[in-house]
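Structural features, examined
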Amino acid sequence: GIPVYELCLVKNDEVHLLFAGVMSGELFKINLGDDLNYSKFQAHRSAITGVLFSKQFNFIITTSTDGYIKIWDILKDNLIKNIDAHVLTESFGIYNDIVISSGLSGEIKFHSLPELKLINVYKGNKEREFQKQIAINNKLNRLALGSSMESTINILNLNDLTTLTEIKLNIKFAIGDLCYSSD
């Protein structure tokens with residue numbers, strides 16, 4: 001077996017699928033119907049670091065350590081759009097019709113959907129906030145950024161990217177991932 005890095009469930013009137021992004025860059029599409037069959041295709045050149053489903057546009061978005069963000073047709077496995085976003089894409093999420101991603105450089109990039117056009121960059125303090133993990137709360141318009149340099153979490157207002165709160169954790173390890181509640 002190849003280690004699975006990311007999972008994404010897609011369920012609507014047409015399909016009931018589970019997508020699994022693996023270390024080899026392959027994306028497995030598992031049909032969760034009665035027969036539980038699967039198919040796979042090479043989505044990236046290296047490990048997939050994220051898989052999300054956009055209900056608004058009805059496609060899958062993947063990120064990878066190869067630095068690319070890619071949009072896929074969920075039924076045909078066809079590449080719709082891709083962009084070289086970071087040297088190494090670390091974390092990402094969707095806010096309304098915007099993909100927010102972080103990379104090894106510490107920058108947070110905002111790309112509009114579905115064209116993946118760069119619309120904003122948040123640089124923060126690169127000396128303190130290198131290599132972020134991100135989490136989004138759409139309801140509250142909040143973006144949580146986890147730093148591996150000082151083990152801090154910053155909560156930003158997504159409307160103007162101002163810092164609302166900084167949480168300093170008393171740990172010596174990097175923040176591996178973040179999850180924000182829906183309320």
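Every residue gets a number counted from 1 within its own chain, in the order that chain's sequence is written. Local features in a predicted model are, by the rule used here, given only for residues with pLDDT of at least 70; side-chain atom pairs are given and counted only at 80 or more, and totals for whole chains, interfaces and linings are based on all residues. Hydrogens and water are ignored here; the side-chain numbers use all heavy atoms of the structure.

In the segment running from L113 into P114, the intervening peptide bond is cis, with an omega of 0°. Numbering goes from the N terminus for both helices and strands, where a helix is a DSSP run of H or I of at least four residues and a strand is a run of E of at least two. Secondary-structure assignment places P114 in the loop between β11 (108-112) and β12 (117-122). Although it is not a glycine, D77 adopts a positive phi angle of roughly 60°. Tracing the chain through its elements places D77 in the loop between β7 (68-73) and β8 (79-84). Of note in the backbone geometry, N96 takes a positive phi value of approximately 55° without being a glycine. Within the fold, N96 resides in the loop between β9 (89-95) and β10 (98-103).

Attention shifts here to the pairing of strand β13 (residues 133-137). For every residue, the accessible area obtained with a 1.4 Å probe (protein chains only) is divided by the maximum for its type, and the residue is called buried under 20%, exposed over 50%, and partly exposed between those limits. Most of β13 sits out of view: five of its five residues are buried. Going residue by residue along β13, you find Q133, A135 and N137 tucked away on one face and I134 and I136 tucked away on the opposite face as well. As paired elements, β13 and strand β14 (residues 142-146) share five bridges and run antiparallel to each other. Bridge pairing in β14 links N137 to R142. At least two bridges found by DSSP between two strands are what make those strands a pair. Counted between consecutive antiparallel strands, the loop separating β13 from β14 contains four residues, among which N141 sits at a positive phi close to 60°.

Take the sheet that holds strand β1 (residues 4-11) next. The strand order β1-β2-β3-β4 describes an open sheet built from four strands, whose pairing is antiparallel. The sheet is open, and its two edges are formed by β1 and β4 (38-42), each paired on a single side. Neighbouring strand axes in the sheet, compared pairwise and without regard to direction, differ in orientation by 20° on average. In the sheet, β1 pairs with strand β2 (residues 16-22) via seven bridges, with the strands oriented antiparallel. Each residue of the ladder has a partner; that of E6, found in β2, is G21. Axis lines are fitted through C-alpha atoms, for helices just across the contact stretch, and the angle between N-to-C directions can take any value from 0 to 180 degrees.

To continue, consider the state of the cysteines. The bond known as a disulfide is covalent and runs between the sulfur atoms of two cysteines. Put simply, a disulfide is two cysteine sulfurs that come within 2.5 Å. For the structure shown, the criterion picks out zero disulfides. C8 carries a free sulfur, and the closest cysteine sulfur to it, the one in C179, is 14 Å from it. Residue C8 is classed as buried on the basis of its relative accessible area of 8%.

Within the fold, V22 resides in strand β2. Accessibility expressed as a relative area gives 2% for V22, which makes it buried. The sequence separation of V22 and T49 amounts to 27 residues, and the corresponding C-alpha distance is 8.3 Å.

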